[in-house]
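Observations on chain architecture
Residue strings, one per chain:
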Amino acid sequence: MKSEVMTNIIDGSGSEALLKVRDLSLSFFQYTSGLRQTELRIISNMNLEAYSGEVLAVVGSSGSGKSLLAHAILGILPSNSRLSGSMEYKGQSLTQEKKEELRGKEISLIPQSTTYLDPLMRISDQVTGSVEKKDKGLMRERQRDTFQRYNLRPDVGKMLPHELSGGMARRVLVSTALMSSAELIIADEPTPGLDERSLDETLRYFKDMAKKGCAVILITHDIEAALKISDRIAIFYAGTILEEARIEDFTNEGENLRHPYTRALWNALPQNRFQKMEGHQPMQDELNGGCVFFERCSIRTEDCSKDIPQLKRIGEGLVRCNNVS
Amino acid sequence: MSTAFPMNNKGLLRPLNLRQRTILLIILMSLLVITILTSSLYMDSELLSTNFGSKNLAPSLEHPFGTDWMGRDMLARTLAGLGLSIMVGIFASTISTLISVFLGLFSSMGKTADSIVSWLVDLFLSIPHLLLIILVSIGLGGGATGVIIGVGLTHWAGLTRVVRAEIKQIKTQDYIHISRNFGKSYVWVARKHILPHLIPKFMLGTILIFPHAILHEASVTFLGFGLSPHEPAIGIILSESMKYLSAGYWWLALFPGLSLLIVVLAVDILGENLGKLMDPKKAHE
Amino acid sequence: MYLKGENISFGYRKDDLILNNVDISLGSGEVLGLVGDSGSGKSTLCKILAGYEKNYQGTVSIDGKKMPSNAYNPVQLIFQHPEKAVNPRWKMKDILNEGHVVSQDVLSSFGIKTSWLERWPNELSGGELQRFALARALSPETKFLIADEITTMVDAITQVQIWESILDIAEKLNIGILVVSHEKNLLKKVCHEVICLSRINNAGLYNELAFRDMQNASLGGMVPE
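**A short note on the pattern of salt bridges**
Within the structure shown, the criterion is met by 24 salt bridges over all chains. We note a salt bridge from Glu164 of chain C to Lys276 of chain A, for which the minimum N-O separation is 3.0 Å. Taken as a pair, Glu164 of chain C in helix H5 (residues 156-173) and Lys276 of chain A in the loop between helix H9 (260-268) and strand S11 (312-314) lie in two separate chains rather than in one. Of the residues examined, Glu164 of chain C reaches a relative accessible area of 18% and is grouped as buried.

**Examining the packing of aromatic side chains**
This model, assessed by the stated rule, comprises 12 aromatic pairs over all chains. Taking 6.1 Å as the distance between ring centres and 5° as the angle between the ring planes, the aromatic pair formed by Phe102 of chain B and Phe106 of chain B counts as stacked. With Phe102 of chain B and Phe106 of chain B both in helix H2 (residues 74-107), this residue pair falls four residues apart, about one helical turn. When the ring centre of Tyr2 of chain C is taken as origin, the NZ or CZ atom of Lys4 of chain C, which lies over that ring, is 5.4 Å away.

**Overview of the domain arrangement of chain A**
All names here are of chain A. Looking at the assigned domains, one finds that chain A contains domain 1 (3-106 + 183-275) and domain 2 (116-181). Contacts between domain 1 and domain 2 engage 12 residues on the former and 10 residues on the latter. Viewed at the interface, domain 2 and domain 1 are joined by zero salt bridges. Counting every contact that joins domain 1 to domain 2 gives zero residue pairs in polar contact (both at pLDDT 80 or more).

**A few points about the pairing of strand S2 (residues 16-27) of chain C**
In summary, the side chains of a regular strand alternate between the two faces of the sheet. Residue and element names in this part refer to chain C. Pairing of strand S1 (residues 2-13) with S2 involves eight bridges; the strand directions are antiparallel. Considered in S2, the bridge of Leu3 is made with Leu26. What sits between S1 and S2 in their antiparallel hairpin is a turn of two residues.

**With respect to the pairing of strand S6 (residues 75-78) of chain C**
All names here are of chain C. Where burial is concerned, the two faces of S6 agree: the one with Val75 and Leu77 and the one with Gln76 and Ile78 are both buried. Relative to strand S7 (residues 144-148), S6 is paired through four bridges, and the arrangement is parallel. Looking across to S7, one finds that Val75 is bridged to Phe144.

**Observations concerning unusual backbone geometry**
Its identity is not glycine, yet Asn45 of chain A carries a phi of approximately 45°, on the positive side. With respect to the helices and strands, the residue Asn45 of chain A is situated in strand S2 (residues 37-50). Its identity as a non-glycine residue notwithstanding, Asp63 of chain C has a phi of 50°, on the positive side. Checked against the element boundaries, Asp63 of chain C lands in the loop between strand S4 (57-62) and strand S5 (65-66). Judged by its relative accessible area of 46%, Asp63 of chain C falls in the partly exposed class.

**Considerations on the interface of chain C and chain B**
Interfaces are frequently sized by the accessible area removed from exposure as the parts join. Taken together, the 19 residues of chain C in the interface contact 17 residues of chain B. When the area that chain C buries against chain B is broken down by residue, the three leading residues are Tyr52, Arg89 and Glu98 of chain C, summing to 34%. There are zero salt bridges connecting chain C and chain B. At the boundary of chain C and chain B, one finds 11 residue pairs in polar contact (both at pLDDT 80 or more). Residues that form the side of chain C that touches chain B fall into these classes: 10 nonpolar, five polar and four charged.

**A closer look at the sheet that holds S11 of chain A**
All names here are of chain A. The strand order across the open sheet formed by eight strands is S6-S7-S8-S3-S9-S10-S12-S11, and the pairing between neighbours is mixed. The open sheet terminates on both sides in strands that have one partner only, identified here as strand S6 (107-110) and S11. The sheet shows a mean angle of 25° between the axes of neighbouring strands, taken without regard to direction. Both S6 and strand S7 (residues 184-188) contribute to a ladder of four bridges, which runs parallel. The partner of Ile107 across the bridge, within S7, is Leu184. Strands in contact with helix H7 (residues 196-211) are strand S3 (55-59), S6, S7 and strand S8 (215-220); relative to S8, the strand with the most contacts, it is inclined by about 150°.

What counts as what
Residues numbered from 1 in each chain as written. Chains lettered and ligands numbered in written order. Predicted model: local features only at pLDDT ≥ 70, side-chain atom pairs only at ≥ 80, totals over all residues. Heavy atoms only, no water. Salt bridge = Lys/Arg side-chain N within 4 Å of Asp/Glu carboxyl O. Helix = DSSP H or I, 4+ residues; strand = E, 2+ residues; numbered from the N terminus. Buried < 20%, exposed > 50% of the residue type's maximum accessible area, 1.4 Å probe, protein only. Phe/Tyr/Trp six-rings, centres within 6.5 Å; stacked < 30°, edge-to-face > 60°. Lys NZ or Arg CZ within 6 Å of the ring centre and 35° of its normal. Domains from an automatic or database assignment. Contact = heavy atoms within 4.5 Å. Polar contact = N/O pair within 3.5 Å; in protein donor to acceptor, adjacent residues only side chain to side chain. Pairing = 2+ DSSP bridges. Buried area = accessible area lost by both parts, 1.4 Å probe. Nonpolar A, V, L, I, M, F, W, Y, C, P; charged D, E, K, R; others polar. Axes fitted to C-alpha atoms, helices over the stretch in contact; angles between N-to-C directions.

Quick look at the structure:
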């Protein structure tokens, strides 16, 4: 992907993206049989731009490796992985050192599971943990406000994680992200197993954060959840982004959507047509160099099996397909 | 960003990946231990006989470890002693493992069984090993049998605790319930689902008990409660050499002691590296 | 044939019951939905009905007969996380055929490729593992299927595929299904009826509150065009 093509192709107004991910590829080295080490590609040629004040959802099926995107941005990948491509944060290259410096301060993760809380540490210490000592008093004040906003009693601060209910623990995690002066918030699968009310509540927190000026990246398999609060939705499929569309495009029969997969996904929702599409997402070792969607595609041509199509801009969105315009 | 891997670098000289290095190390360590064991088993007994014509010689090319006050070659004695130590270690750690397999599986039978096992584990962990080995060893009339059983009876507690925790964890897995729901018997589930998870733990446990067993054997023998003074055990060699240290015969203690240390380290490295291969979490690094 | 749970109560402490006198009944060929807030005891109820949880009060029976133990259970339970339901040291073909030899029909109905059978569980995604878990549970001896949030973690297209296969096989084998889900839209599409399990007061007591019919049980949306 040429970077000049990518620059500001989403946001025509020309305002700078807070985080730009270009051509990101991630592979793992694994021992297959005996002593041979093979490279397994999980993410290939991924492009993303996150803007302040916006919620960007990355939607893909579970186990497809989209959580690793969050780990790549935060610099917490395991040692047998290899990352290529570039990331820019506020116009500066995001190196491993930079990631470690920003992690928990300007870039904050809301993890998938509430087991991320330290079981032996009081809640208030965990929530205010990421700030410097001199601001402690001020932070206590802010903690009280934040807790009040998220319907947490003041004495929650004195509790240990095991005393919290699931919903409270989730709200604590959200408060932690808010208390740090994070500008980029990455939420990794924050919604599974929540009933409708808790789900809406959790999603509202993310929307609130965006309203406060944060850039929020919501990584989820649940497109319905993404539709409720996002400004843009990126569809992650077999290790890459097939389409990035504005939320307004998800209407009616999906005629405004550009990629056939996105349209099928939209029509498969229970509240829409609950319509089936044959086939399954290819595993990484089943890919053969062509378009990742080739086998299931209804509008494919011969060219599609030769090369991975480039991500191109159509209208307000991005699409990785040769045959739409 | 992350470690660079030389993927295109082919040929013999390319850097080995971790798994290859691990396996190489395992092979080297096993070779060392096996060489010592076989050389001690097939050693010409004349090498151990006394020769007063060449007593108290410092290390030389002819006698790399020197000779003692009766003119015996110290290299031969050390090898024989190490062989004996390894044999004792193998028997003792096997006994320990068998006990922990039995108690581990027993603990999974029910609540009462479990509390009996954890009580036993706590009891044995609270008694100093050395004391118990000496007691058992004397009680059984000393000698190799006494030491082996003594060491074997004292080293199972740690492994039993690991096995018990592991079984508890596996039993909560959904696939165990599903198997039961398919009408499989408890024994079938234990054999097909639980035991395969435990076998690597047992193998590793045995290997990691081994260095402890050897060292305990040597120290008990050193204190005079273990193998009989006629056997060329490392413990015996060390305690005898104490009398000659002040006379400046440093090689009598240094080389046998060092060799014992090297064997213990070699087995420990072997165990650690096997563990690396078997641990699925670390296996791909 | 009816699977009945009567007067079921469950709690870790006497004064804090998670389930309090719940009655539930599921007939052969019926597709019954179950909704309720997080923590209302839905999963516990599922485990009790499938015989996983044994410390409860009340009775679970099929046509008045108690559930068999140490034999194939005609009530099979499927969970939200299929990766926990497979032994990571077994190949997929061994996992699949643990209970009985799964027929080719069922395999193709769930879209399970033959090449997947030689793989290990960690080489498949959650959606694919869930297909295996279902194919394994839907034997001719299975009379009732309890599906506890089984498509919560998969994408929308896989969800349709999975549900279409289940309903298809269940109809052929006359299996009754209890569908637990937070997603009301899904329940509207797949269930004949939906019941609700919810909290009634703050003392921690739960009860069966409402039993309501969903609008017509048409599966019209399921039919591919």
